[in-house]
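Structure at a glance
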Amino acid sequence: MPTLFDAFDLHGLKLANRVLMSPMTRTRAQDNGVPTDLIRDYYVQRASAGLIITECTQVSDQGHGIVRAPGIHRQDQIDGWGRVTDAVHAAGGRIYLQIWHCGRVAHPDMRGGELPVAPSLIPAAGDFFLPSGRVDFPIPRQLRIEEIAPIVESFAQATQNARKAGFDGVELHGANGYLQDQFLQDGSNKRTDAYGGSVENRARLMLETAQAMIDAWSVDRVGVRLSPSGTLYGMSDSDKLSTFGYVIRKLDAMKVGYLHFTEPNARVLEAGNVLIKNVAQTFRPMTSVPLIINTGFDKTKANAVLVARDADLVAFGVPFLANPDLPERLRRDLPLNRPDAASFYGVGAKGYTDYPAAPSNA
Ligand SMILES: Cc1cc2nc3c(=O)[nH]c(=O)nc-3n(C[C@H](O)[C@H](O)[C@H](O)COP(=O)(O)O)c2cc1C
């Protein structure tokens, strides 16, 4: 029976356990997207994860949609990440970079007046965080078809940059309502060209991006994250099962290094309109690549999903944010620190690197 504390061989990369750290934006980079020493210390504290997947990191200025998010498209950003990966590796950890383009989820006020870009003229739902307060999303600018290949190329370049920075691999952020997800789902994509309409067309950007990343490094080193039940930023699709089934089968045929799915969270489930309630169970039969599952897991649920073989690895978000030594705490059934939501997207060490590890004699 597999457990959370068994090692895992990810195509030759040895993971010490199956307690992964899920990608989490923490808004602590410099304004120019360069990771700081504080970011390095935060990830080093969490190096006992089987694998750290970093916060989403923009592939270009156009893809930048979160205040103080890091980038991987300039040399100073690559150097900054190099200091992070060196330190995590020295601490015995493994680390993948999540790379990302925000698409319509951004605001001109943080982009020198530039509108965010999107498949269609449909704004994201909800509101957007600026240092000055929360604001409505603008109607984005619709991408011209000739602008799409350069975006794919920016993911290939970011993959090469991540490799240079010493990462063990890269994860395509295909989830949570960002650019590739916006193209994939028909609620946000009303295009009539080769990137809209049929599921083959809507999935084209996701698949071209994954392929470009694979070509830039290696198939074993590229994972893809998807959120089939996600409704964040107003995401919707008229046939989620077919849409995600199609893209998952295609990614499986490409033999991507792993697939990483999120289950619907409690808020989405309470809203009551979730079509796919058990994502791992639904899609596992469609793929044989290593599968990471995330959202709402504790030790009991995580071990159960491994035993059922609905997933191979479990990623923890908020529990890892608040517990730098999460694998050890889970292994020894120690109490967990309480997360402080007010500092999730803050600045500085408070609520970031000051969560205590459990005393060694606890
Ligand atoms: C503060 C915060 C930031 C997040 N940022 C990202 C992100 O950059 N990329 C991503 O794919 N998911 C992001 N997520 C989602 C988490 O990776 C994860 O899916 C979510 O927290 C549910 O897992 P959990 O129940 O274990 O916390 C974020 C979540 C939180 C709480």
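Higher on the page you've got the structure.
Description of the structure in this document.

Rules used throughout
- Residues numbered from 1 in each chain as written.
- Predicted model: local features only at pLDDT ≥ 70, side-chain atom pairs only at ≥ 80, totals over all residues.
- Heavy atoms only, no water.
- Helix = DSSP H or I, 4+ residues; strand = E, 2+ residues; numbered from the N terminus.
- Rg over C-alpha atoms; globule rule 2.2 N^0.38 Å.
- Buried < 20%, exposed > 50% of the residue type's maximum accessible area, 1.4 Å probe, protein only.
- Near = heavy atom within 4 Å.
- Polar contact = N/O pair within 3.5 Å; in protein donor to acceptor, adjacent residues only side chain to side chain.
- Areas by Shrake-Rupley, 256 points an atom, 1.4 Å probe, with all protein chains shown as cover.
- 1 Å grid on protein atoms, 1.4 Å probe; cavity = no way out; pocket = protein on both sides within 12 Å on 5 of 7 lines; lining within 4 Å.
- Sits in = over half its atoms within 2 Å of the grid points.
- Nonpolar A, V, L, I, M, F, W, Y, C, P; charged D, E, K, R; others polar.
- Pairing = 2+ DSSP bridges.
- Right-handed = clockwise from strand over helix to strand, strands pointing away.

Assigned secondary structure in the protein consists of twelve helices and 14 strands. Relative to its length of 362 residues, the protein is compact, with a C-alpha radius of gyration of 19 Å against a globular reference of 21 Å. Here the C-alpha coordinates of the protein stretch approximately 60 × 45 × 40 Å along the principal axes. Out of the 362 residues belonging to the protein, those deemed buried represent 60%.

For the ligand, the set of nearby residues contains 18 residues, the closest of which are Ser22, Pro23, Thr25, Arg225 and Asn294. Take histidine 173: an N or O atom from its side chain is 3.2 Å from an oxygen atom of the ligand. Protein coverage of the free-state accessible area of the ligand, which is 610 Å², stands at 84%. In this structure the site holding the ligand corresponds to the largest pocket. Its residues assigned to classes, the shell around the ligand comprises eight nonpolar, nine polar and one charged.

A few words now on the pairing of strand E14 (residues 313–316). The two faces of a sheet get side chains in turn, since along a regular strand they alternate between them. A two-sided burial pattern is seen for E14, the buried positions comprising Leu313 and Ala315 on one face and Val314 and Phe316 on the other. With three bridges connecting them, strand E3 (residues 19–21) and E14 associate as parallel partners. Following the sheet pairing, leucine 20 is matched in E14 by alanine 315. The pairing of strand E13 (residues 291–294) with E14 spans three bridges and is classified as parallel. Each bridged residue has a counterpart across the sheet, and for asparagine 294 the counterpart in E14 is alanine 315. Chirality of the crossover, the property in question, places the unit of E13, helix H10 (residues 299–307) and E14 among those that are right-handed.

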